[in-house]
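# Structural overview
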Amino acid sequence: MPHVAITMIPGRDEETKLALAKKTQEFLVGELGIDPKFVSVSIQDIPMEDWQKSMEQFPDDIMYVKPGV
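These notes cover the structure that comes with them. Because the structure is a prediction, the values reported are computed rather than measured.

### Things to note about the overall build of the protein chain
Tallying secondary structure elements over the protein chain gives two helices and two strands in all. The order of α-helices and β-strands along the protein chain, N terminus first, is β-α-β-α. A principal-axis box enclosing the C-alpha atoms of the protein chain has dimensions of 35 × 30 × 20 Å. Buried residues in the protein chain amount to 17% of all 69 residues.

Printed below as a string of C-alpha cells:
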C-alpha cells in the first residue's frame, strides 16, 4: 500500500491539490499495476520560512529525487 506525501509551499487551492493527488494516485496505479484503493496521497503546505527545517526530516537515503538535481 503505497502512500505518497507531498509537501509544498502554500498557495494552491483545494481543487488544485485534489487534482494533483488524484493524478498522483492514477500514475502509481498504472506504474505499479495495483488497485486505486491501495494508494493514498497527502498534501501538506509548509511555509517558506519552515521549508529547510521540514526537509531536514528526510534522511538522504530515502530522498530519491533531491531539489535542484
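There's plenty left to go through after this.
### A closer look at the side chain of Thr 24
Structurally, Thr 24 is set in helix 1 (residues 14-32). Ignoring anything within four residues of it in the chain, the contact list for Thr 24 reads Val 4, Ile 6 and Val 41.

### Some words on the environment of Pro 10
Tracing the backbone shows Pro 10 in the loop between strand 1 (3-8) and helix 1. With relative accessibility at 42%, the residue Pro 10 sits in the partly exposed group. Residues Pro 10 and Ile 46, 36 residues apart in the sequence, show an inter-C-alpha distance of 6.4 Å. Sequence-distant contacts of Pro 10, that is, excluding residues within four places in its chain, are made with Asp 45, Ile 46 and Pro 47.

### Points about the environment of Ser 54
Its place among the elements puts Ser 54 in helix 2 (residues 51-55). Measuring from C-alpha to C-alpha, the distance between Ser 54 and Leu 32 comes to 28 Å, with 22 residues separating the pair along the chain.

Parameters at a glance
Residues numbered from 1 in each chain as written. Predicted model: local features only at pLDDT ≥ 70, side-chain atom pairs only at ≥ 80, totals over all residues. Heavy atoms only, no water. Helix = DSSP H or I, 4+ residues; strand = E, 2+ residues; numbered from the N terminus. Buried < 20%, exposed > 50% of the residue type's maximum accessible area, 1.4 Å probe, protein only. Contact = heavy atoms within 4.5 Å.

No statement about biological role is implied by the geometric values presented.
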